[in-house]
Amino acid sequence: MKKTIVISPKDLVGVALVSLKKGEEAEGVTLSEDIEKGHKFALRDIKKDEHIIKYGEVIGRATADIKAGEHIHSHNMSTNLSGTLEYSYNKKDIPALGSYKNRKVSVYQRKNGEVGIRNELWVIPTVGCVNAQAKVIVSEFNKKHGELEGIDGVFTYTHPYGCSQIGEDHIRTRTILQRMVKHPNCGGVLVLGLGCENNRMDVFKETLGEYDEDRTEFLVAQDVEDEIDEGVKLLERLYQKAKDDKRVEKDISCLKVGLKCGGSDGLSGITANPLVGRFSDYMAAIGGTTVLTEVPEMFGAEQLLMDRAKDEETFNKIVKLVNGFKEYYQKHDQPVYENPSPGNKAGGITTLEDKSLGCTQKSGSGEVCDVLFDGDALSAHGLNLLNGPGNDMVAVTNLASAGCHIVLFTTGRGTPFGGFVPTIKISTNSDLAKRKSNWIDFDAGGIALGDSFEDKLEQLVDLIVETANGKQTVNERYNSRDIAIFKSGVTL
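What counts and how
- Residues numbered from 1 in each chain as written.
- Predicted model: local features only at pLDDT ≥ 70, side-chain atom pairs only at ≥ 80, totals over all residues.
- Heavy atoms only, no water.
- Salt bridge = Lys/Arg side-chain N within 4 Å of Asp/Glu carboxyl O.
- Helix = DSSP H or I, 4+ residues; strand = E, 2+ residues; numbered from the N terminus.
- Buried < 20%, exposed > 50% of the residue type's maximum accessible area, 1.4 Å probe, protein only.
- Pairing = 2+ DSSP bridges.
- Core = buried A, V, L, I, M, F, W, Y, C linked by side-chain atoms within 4.5 Å.
- Contact = heavy atoms within 4.5 Å.
- Phe/Tyr/Trp six-rings, centres within 6.5 Å; stacked < 30°, edge-to-face > 60°.
- Lys NZ or Arg CZ within 6 Å of the ring centre and 35° of its normal.
- Polar contact = N/O pair within 3.5 Å; in protein donor to acceptor, adjacent residues only side chain to side chain.
- Expected span 1.5 Å × (residues − 1).
- Axes fitted to C-alpha atoms, helices over the stretch in contact; angles between N-to-C directions.
- Parallel < 35°, antiparallel > 145°, perpendicular 65-115°, else oblique.
- Left-handed = near helix turned anticlockwise from the far one by under 90°.
- Nonpolar A, V, L, I, M, F, W, Y, C, P; charged D, E, K, R; others polar.

## Focus on the pattern of salt bridges
Under the counting rule described, the total for this entry stands at 33 salt bridges. For Asp-245, the salt bridge is made with Arg-110, and the minimal N-O distance between the two is 3.1 Å. Within this pair, whereas Asp-245 is found in the loop between α4 (227-242) and β16 (247-251), its partner Arg-110 is found in the loop between β10 (104-109) and β11 (115-116), the two being separated by 135 residues in sequence. The exposure class of Asp-245 is buried, given its relative accessible area of 18%. Exposure remark for Arg-110: the relative accessible area of 12% places this residue in the buried category. When the shortest N-O distance is used, the salt bridge between Glu-466 and Lys-471 registers 3.5 Å.

## Some points on the sheet that holds β16
Pairing is antiparallel across the open sheet formed by three strands, whose spatial order is β11-β10-β16. Looking at the sheet topology across the chains shown, the edges are occupied by β11 and β16. Sheet analysis places β10 next to β16, joined by five bridges and oriented antiparallel. Its bridge partner being in β16, Val-107 is matched across the sheet by Val-248.

## Some thoughts on the environment of Cys-196
Following the sequence through the fold, Cys-196 ends up in the loop between β14 (186-193) and α3 (201-206). For the pair Cys-196 and Gly-116, spaced 80 residues apart in sequence, the C-alpha separation works out to 33 Å.

## What to know about the nonpolar core
Grouped together as the largest cluster of nonpolar side chains are 56 residues, with contacts concentrated most on Ile-252, Leu-255, Phe-279, Phe-299, Leu-385, Leu-408 and Ile-426. Of all the elements, helix α12 (residues 453-468) adds the most residues to this core, at eight residues. In this structure, Leu-255 is in contact with Val-105, Ile-117, Met-283, Gly-288, Thr-289, His-405, Ile-464 and Ala-468, ignoring residues within four places of it in sequence. In terms of nonpolar packing, the next biggest core, distinct from the first, is built from 33 residues, Tyr-157, Met-180, Cys-404 and Val-421 among them.

## A few points about the packing of aromatic side chains
Throughout the structure, instances matching the rule amount to 15 aromatic pairs. With centroids separated by 5.9 Å and ring planes inclined at 85°, the aromatic side chains of Phe-325 and Tyr-329 adopt a geometry described as edge-to-face. You can see Phe-325 and its partner Tyr-329 sitting in helix α7 (residues 312-331), four residues apart, about one turn around the helix. A relative accessible area of 6% means that Phe-325 is categorised as buried. Ring plane angle 40° and centroid distance 5.9 Å describe the contact between Tyr-328 and Tyr-329, whose orientation is recorded as tilted. Judged by relative accessible area, Tyr-329 falls into the buried class, the value being 19%. Here the aromatic cluster, defined as three or more aromatic residues joined through ring pairs, consists of Phe-299, Phe-325, Tyr-328, Tyr-329 and Phe-486. Here the guanidinium or amino end of Lys-205 rests over the ring plane of Phe-218, the centre of that ring lying 4.7 Å away. Sitting over the face of the ring of Phe-155, Arg-481 holds its NZ or CZ atom 3.7 Å from the ring centroid.

## Things to note about the side chain of Glu-302
Mapped onto the secondary structure, Glu-302 falls in helix α6 (residues 302-306). With residues near it in sequence (within four places) discarded, Glu-302 still touches Leu-85, Tyr-87, Val-322 and Lys-326.

## Let's talk about the environment of Glu-120
Following the sequence through the fold, Glu-120 ends up in strand β12 (residues 120-125). Contact partners of Glu-120, with chain neighbours within four places excluded, come to Asp-152, Gly-153, Phe-155, Tyr-157, Asn-185, Cys-186, Gly-187, Gly-188, Glu-476 and Arg-481. A polar side-chain atom of Glu-120 sits 3.4 Å from a polar atom in the side chain of Arg-481.

## Some thoughts on α12
Taking 1.5 Å of rise per residue, 16 residues should cover 22 Å, and α12 covers 22 Å from first to last C-alpha, within 8% of that figure. Within α12, the full set of buried residues consists of Phe-453, Lys-456, Leu-457, Leu-460, Val-461, Leu-463, Ile-464, Val-465, Thr-467 and Ala-468. Those residues of α12 hidden inside the fold are in contact with β10, β16, α5 (272-285), β21 (406-411), β22 (423-427) and β23 (442-443). Phi turns positive, to about 125°, at Gly-470, one or two residues after α12.

## Description of the packing of helix α2 (residues 167-181) against helix α10 (residues 392-401)
Viewed as axis vectors pointing N to C, α2 and α10 meet at an angle of 55°, and their least axial separation amounts to 9 Å. Classified by the interaxial angle, the pair formed by α2 and α10 is oblique. Two packed elements cross with a definite hand, and for α2 against α10 that hand is left-handed. Packed against α2, whose contacting residues are Ile-176, Arg-179 and Met-180, the element α10 presents Thr-397, Asn-398 and Ser-401 at the interface. For the contact of α2 with α10, the per-class residue count stands at two nonpolar, three polar and one charged.

What follows is the structure, given as structure tokens:
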């Protein structure tokens, strides 16, 4: 069994795939201290201020002299990151992605030509003041019907916003909710307002754009005597229309798949993330669509993404994406490099560069075809980048709102979280998959112990097909479904 790995021949560090003891031989050096799984050790003597290399790239600098076999972590290593940078367009040749089989999935064909992988009914509050009413409407509807036929469930997605917001925050809240209203995983939606909020129903409808009027109902609570009774009636109307929808067969390339990691560890960039990267390449090769977000977790690896931009216009969008998020940090007098999280560090990730080079493994090796900012919807096939923070709930909400049907979520520490689309949790290590089977859908940990990426990719595609066809993810089975909307301004 492999106990360690050196990811690139250029690397100055090895990574422990299992916990190692002081005195053990590893990659030609004798360990001078215990090394926990996922953590790094020096392959040779490293001088203070020397660059430390992992993934074949710089992940920081030594803050003290380090001897071969010593543990390398936050006690003797620091980031090199600072503020905004100037970048140059230097497109690299991208190797051919290879030939892949285009699998079939069974999906719902919507009136506007889009497809969905679920046929659910949603209640979406325009303002947090009616969250409780939205929950009661769903509860009363379910009590009335018992077991529902023809749909995959009735859900509400509550949030604390929609009032006392101004400027970008107000527009962002409205836009996210409008994207949800038109999401193809939803067979019918009730938009529930209060009546006096900033996020007014009349303006919401006027700015909604084209939508399926036959599958969308609006209710303002202050305008009726009993909003619960009226809401249940409107859900009933939607249910009668949605319950006869049938699945049709399409190529898997019709899917739009979000890529996200959370609670990462030292194996994230070795197992689950590169596996998801191979899936992204698979989708690009067959004409499908994937989306990578978490802009702060591109810092330190952004040049690698820029070098894969399909053209100079896309390159300039990536520069705007990265420097724009750094400027957001600076605007709030926060350091750009205040990352990784405590859980990341416990798992072996030391600097943001270390985290980012592992995180961006999810992007695969294909070209970046487009970059999306707030309010943009997916339009280009292949790998897209999406503006947004690293926060799990916000990032998954952004991915789904941009049009993703499903999100692949890699994790080394584990989380029960799920978004408003199916969220497939992929563990970076097998211990987590065994211990938290009520959180994890897929175990990528065997890759560290010798399982082939090819076999794991085939298994992952099988799971994605099954999920698209209706198999519930763990987050769906446990009804872990949440949204979070990014906020950057003041509250009135």
